[in-house]
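Now for the letters of each chain:
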Amino acid sequence: MKMWMLAAVLVFCGASMTSCGNKTAKQTENKAQTETPAQPEAEVAEKVVEKPTCFTAIDDYLVSQIGKDYSQGDVCVPCVYVVSMDESNPDDILVWGDFWVFNYEQSGDTLKTVSGGSHPGLMHVKKTENGFEVTSFDAVADGADNLPTAKKIFGEKFDAFQEINNDQVRREEKRKQITADYVKKHNLSAKVLQDFGWPAVELPQ
C-alpha cells in the first residue's frame, strides 16, 4: 500500500449532475439514430461515482483506515477516482479505482495540505440492512511489485486506470470539486486550497 507524506502530495498534486423532457415516439426514434458513440470506460465509470450507493462506505474507509496513518490535520478529505465497478453481486460489489486521501489544516478561508497520498486498487463492498460496508481492499503494492500488482488487480481495466492515474489536470479538477462538495456538506468556511509551496487555488462554488 502506498503511503506518501507531504512530499508525495507535492509530486502528485503540485500545482477529489441533468434534466429531461417528454418526447414523441418519432423524436425518440430520431434520437436513437443520432445517439453519440459510447464513452470510454474511464469516463463512464467516473460518472458512476455520483450515484448514492456504496461510495459513502468507501469514503469512510479511506478516512478511518488509511487517512489515520498520515500526519493529521483539521479535516481528512477522501478523493475517489473510479476506473470501473461491478454491482451485480450485492455481497461483493467491486470498485476499481485510484483512491486518494488528503489531510488539511484550515487557516482562515484556506485549506492547507498537510499530507496525503494515492492508494490504487480494488475495493470490495457489501450491501447490508444498514447500508454498505467495505469488507476488504486489494491494494497495489509499492516498489518493484507496483506494476505487476497493478496489472493483476486491474486486469483488462489497466489501461483505463493508467489514463486516470496519469492525467494530473483532470485529477486535480475533480479533486477541487470533491473538496468543494466536502466543504459545503460540512459547513466549512474554506474557499481555496493550497499545497505547500504552490499558489492557492479557488474551490468551485
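Residues numbered from 1 in each chain as written. Predicted model: local features only at pLDDT ≥ 70, side-chain atom pairs only at ≥ 80, totals over all residues. Heavy atoms only, no water.

Q: How would you summarise the overall build of the chain if you had to cite specific residues and measurements?
A: Counting its secondary structure elements, the chain contains seven helices and six strands. Start at the N end of the chain and walk to the C end: the helices and strands fall as α-α-α-α-β-β-β-β-α-α-α-β-β. Across the 205 residues that make up the chain, the buried fraction comes to 41%. Roughly 11600 Å² of accessible area belongs to the chain as shown, and the carbon and sulfur atoms make up 51% of that amount. (Helix = DSSP H or I, 4+ residues; strand = E, 2+ residues; numbered from the N terminus. Buried < 20%, exposed > 50% of the residue type's maximum accessible area, 1.4 Å probe, protein only. Areas by Shrake-Rupley, 256 points an atom, 1.4 Å probe, with all protein chains shown as cover.)

Q: Could you give an account of the environment of I66, with specific residues and numbers?
A: You can see I66 is positioned in helix α4 (residues 55-66). I66 sits 12 residues away from P78 along the chain, and the two C-alpha atoms are 9.6 Å apart.

Q: Talk me through unusual backbone geometry; I want residue IDs and the actual numbers.
A: At N187, a residue that is not glycine, the phi angle is positive and equals roughly 55 degrees. On the secondary structure map, N187 appears in the loop between α7 (168-185) and β5 (192-194).

Q: Before we move on, can you summarise the packing of aromatic side chains with the specific residues and values?
A: A full pass over the atoms with the stated rule returns six aromatic pairs. Centroid distance Y61 to F137: 6.3 Å. Interplanar angle 70 degrees. Geometry classified as edge-to-face. One end of the pair, Y61, is in helix α4; the other, F137, is in strand β4 (residues 131-139), and 76 residues separate them in sequence. A relative accessible area of 12% places F137 in the buried class. Look at F99 and F137: their rings are 5.7 Å apart centre to centre, the planes differ by 90 degrees, and that puts the pair in the edge-to-face class. Taken as a pair, F99 in strand β2 (residues 93-107) and F137 in strand β4 lie far apart in primary sequence, 38 residues in all. Of the two residues, F99 and F137, both sit in the buried class. Ring pairing ties together the aromatic residues Y61, F99 and F137, which thus form one cluster. K157 extends its terminal NZ or CZ atom over the ring of W96, reaching a point 4.2 Å from the ring centre. One Lys or Arg, R175, reaches over the ring of F102 and ends 4.1 Å from the middle of that ring. (Phe/Tyr/Trp six-rings, centres within 6.5 Å; stacked < 30°, edge-to-face > 60°. Lys NZ or Arg CZ within 6 Å of the ring centre and 35° of its normal.)

Q: Residues and numbers for the confidence of the model for the chain, please.
A: Within the chain, residue pLDDT values average 81, and 75% of them lie at 70 or more. Per-residue pLDDT stays below 50 along residues 1-40; that stretch engages in 72 contacts with residues further than four places along the chain or on separate chains. Here residues 42-52 is modelled with pLDDT under 50, and outside its nearest four sequence neighbours on either side it reaches 23 contacts, counting other chains as well. (pLDDT = per-residue confidence, 0-100. Contact = heavy atoms within 4.5 Å.)

Q: Lay out the nonpolar core in plain terms, naming residues and giving numbers.
A: Within the largest apolar cluster, 27 residues are counted, with the highest numbers of intra-cluster contacts made by V83, W96, Y104, L111 and F154. Mapped by element, the contributors of at least two residues to this core are β1 (75-86), β2, β3 (110-128), α5 (146-154), α6 (158-166) and α7. L62, M85, V125 and F137 belong to the second largest nonpolar core, which has 20 residues in total. (Core = buried A, V, L, I, M, F, W, Y, C linked by side-chain atoms within 4.5 Å.)

Q: With reference to specific residues and values, describe α5.
A: Within α5 the residues assigned to the buried category are A150, I153 and F154. Considered in projection along α5, the buried side chains sweep an arc of 85 degrees and stay on one side of the axis. On the buried face of α5, the contacting elements are β1, β2, β3, β4 and α6. (Arc of directions from axis to C-beta.)

Q: Give a description of the pattern of salt bridges that names residues and reports values.
A: The final tally for this structure, using the stated rule, is six salt bridges. Among the salt bridges present, the one from K157 reaches E156, with a minimum N-O distance of 4.0 Å. Overall, the relative accessible area of 13% leaves K157 in the buried class. With relative accessibility at 75%, the residue E156 sits in the exposed group. The shortest N-O distance in the salt bridge between E163 and R170 comes to 3.8 Å. A network of salt bridges, in which partner residues are shared, links E172, R175 and D195. (Salt bridge = Lys/Arg side-chain N within 4 Å of Asp/Glu carboxyl O.)

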